[in-house]
Amino acid sequence: RMRLAASTFFTEFDEYQDAAFVGGQFTVGNAEQAELKGAELEGTVLLSEMLTADFSISYADFSYDENTRGQCYPGRAPDSTTSPGSCDLSGEHPVNAPEWKTHLGLQYETPVSWGDVYARADWSWTDEYNTSFSADPRLVQDAYSWVNLRAGTRWNAWELTLWVDNATDETVANLEPVVNIYAAGTDGSYQSFLQAPRSYGVTFRVEY
């Protein structure tokens, strides 16, 4: 009736290749050392013959142990003592690296005269994270929840599903790089790469 799995991890990276997207193009640098440590717990519970729950929670602390070659955010003067024109990002988190993430899913499925009907709800929560490659303290995505919903039926080789993604219409930024690669230290404008807003639809599938 229940399945559980747990893991812990610790990884050190030497000369961690740190990619950035600036001014419409990618740049690649090397952080001297980065460290990832954390733990995960996941499981599935059979609540009844027709209702199943699955869940997960993870903690992942990913940070630069040493990065004296970092990109400077607009308004920050270069302060690296070993790499002229760069900023010391030691101790900072790389872009899009939340520490905590959780997920809970519920699925109901039952047979009917023509086949099966089902409904599913998924809720996840993501901790805050930096959206800039330069650890700009002004560019932080707040913690947010995300809800997806599904309902459908299957019969023979056919399946019909009604779905809603991002049901609460959260505005979530993945990346927010500066626009001007040639004036990254002075031009404060940036572009936001957002996850999709609320979307919904009907999907019809046929297996043959």
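Each remark here, short or long, concerns the structure printed above.
Here the structure is a predicted model, which means the values were calculated and not measured. (Residues numbered from 1 in each chain as written. Predicted model: local features only at pLDDT ≥ 70, side-chain atom pairs only at ≥ 80, totals over all residues. Heavy atoms only, no water.)

**Q** In this structure, what is going on with the overall build of the protein chain? I would like to understand it.
**A** Helices and strands together make up the secondary structure of the protein chain, namely 0 helices and 12 strands. Moving toward the C terminus, one meets the helices and strands of the protein chain in the order β-β-β-β-β-β-β-β-β-β-β-β. The C-alpha radius of gyration of the protein chain comes to 22 Å, more than 25% above the 17 Å expected for a compact globule of 208 residues. With respect to the three principal axes, the spread of C-alpha positions in the protein chain is 75 × 35 × 30 Å. Counting all 208 residues of the protein chain, 32% fall into the buried class. Here the analysis covers contacts within the protein chain between residues at least 6 apart in sequence; of these, 58% occur between residues at least 24 apart. If you sum the accessible surface of the protein chain, you get close to 12100 Å²; carbon and sulfur atoms cover 55% of it. With 12 positive and 31 negative side-chain charges, the protein chain shows a separation of 8 Å between the mean positions of the two kinds. (Helix = DSSP H or I, 4+ residues; strand = E, 2+ residues; numbered from the N terminus. Rg over C-alpha atoms; globule rule 2.2 N^0.38 Å. Buried < 20%, exposed > 50% of the residue type's maximum accessible area, 1.4 Å probe, protein only. Contact = heavy atoms within 4.5 Å. Areas by Shrake-Rupley, 256 points an atom, 1.4 Å probe, with all protein chains shown as cover. Lys, Arg positive; Asp, Glu negative; His and termini not counted. Charge placed at Lys NZ, Arg CZ, Asp CG, Glu CD.)

**Q** Looking at this structure, I do not really get the environment of Thr 27. What am I missing?
**A** Tracing the backbone through its elements, the reader meets Thr 27 in strand S2 (residues 25-46). Distance in space between the C-alpha atoms of Thr 27 and Gly 43 is 39 Å, their sequence separation being 16 residues.

**Q** Looking at this structure, I do not really get the state of the cysteines. What am I missing?
**A** Two cysteines form a disulfide when their sulfur atoms are joined by a covalent bond. Tallying each qualifying case throughout the model produces 1 disulfide. A sulfur-sulfur separation of 2.0 Å characterises the disulfide bridge that pairs Cys 72 with Cys 87. Linking Cys 72 and Cys 87, the disulfide has an S-S dihedral of approximately 110 degrees and is accordingly described as right-handed. Of the two residues, Cys 72 sits in the loop between strand S3 (51-66) and strand S4 (100-111) while Cys 87 sits in the loop between S3 and S4, which places them 15 residues apart along the sequence. Judged by relative accessible area, Cys 72 falls into the buried class, the value being 10%. (Disulfide = S-S within 2.5 Å.)

**Q** What is the right way to read the nonpolar core from this model?
**A** Side chains of nonpolar character tend, in soluble globular proteins, to be buried together. Residues Tyr 16, Ala 31, Ala 34, Phe 62, Tyr 64, Cys 72, Cys 87, Leu 89, Ala 97 and Ala 135 constitute the largest nonpolar core, which totals 10 residues. At the level of elements, S2 and S3 are the ones that each hand at least two residues to this core. Among all residues touching Cys 87, those that are not within four sequence positions of it are Asn 67, Thr 68, Arg 69, Gly 70, Gln 71, Cys 72, Arg 76, Ala 77, Pro 78, Asp 79 and Ser 80. (Core = buried A, V, L, I, M, F, W, Y, C linked by side-chain atoms within 4.5 Å.)

**Q** What is the right way to look at the side chain of Glu 176 in this model?
**A** Tracing the chain through its elements places Glu 176 in the loop between strand S10 (173-175) and strand S11 (193-194). The side chain of Glu 176 sits in the buried core without any salt bridge; Arg 138 is the nearest counter-charge, 10 Å away. Within polar-contact distance, the side chain of Glu 176 engages the side chain of Ser 192 at 2.8 Å. Glu 176 has contacts with Thr 131, Ser 132, Leu 139, Tyr 190, Gln 191 and Ser 192, leaving out every residue within four places of it along the chain. (Salt bridge = Lys/Arg side-chain N within 4 Å of Asp/Glu carboxyl O. Polar contact = N/O pair within 3.5 Å; in protein donor to acceptor, adjacent residues only side chain to side chain.)

**Q** What is the right way to look at the side chain of Thr 102 in this model?
**A** As for its position among the elements, Thr 102 is in strand S4. Given the relative accessible area of 18%, Thr 102 is considered buried. For Thr 102, the contacting residues outside a window of four places in its chain are Ser 56, Ile 57, Trp 123, Ser 124 and Trp 125.

**Q** Hey, could you run me through a negative patch on the surface in this one?
**A** Together, Glu 12, Asp 14, Asp 65, Glu 66 and Asp 88 line one region of the surface with negative charge. Residue assignment for the negative patch shows that the elements contributing at least two residues are strand S1 (2-22) and S3. Mapped onto the elements, Glu 66 comes out in strand S3. We classify Glu 66 as partly exposed; its relative accessible area is 36%. (Patch = residues over 30% accessible without salt bridge, like charges linked within 9 Å, V, L, I, M, F, W, Y side chains within 5 Å.)

**Q** Help me understand the environment of Gly 85 in this model?
**A** With respect to the helices and strands, the residue Gly 85 is situated in the loop between S3 and S4. Gly 85 sits in the exposed class, given a relative accessible area of 60%. Once the C-alpha coordinates of Gly 85 and Gly 70 are considered, the two residues, 15 residues apart in sequence, prove to be 9.1 Å apart. Ignoring anything within four residues of it in the chain, the contact list for Gly 85 reads Cys 72 and Pro 78.

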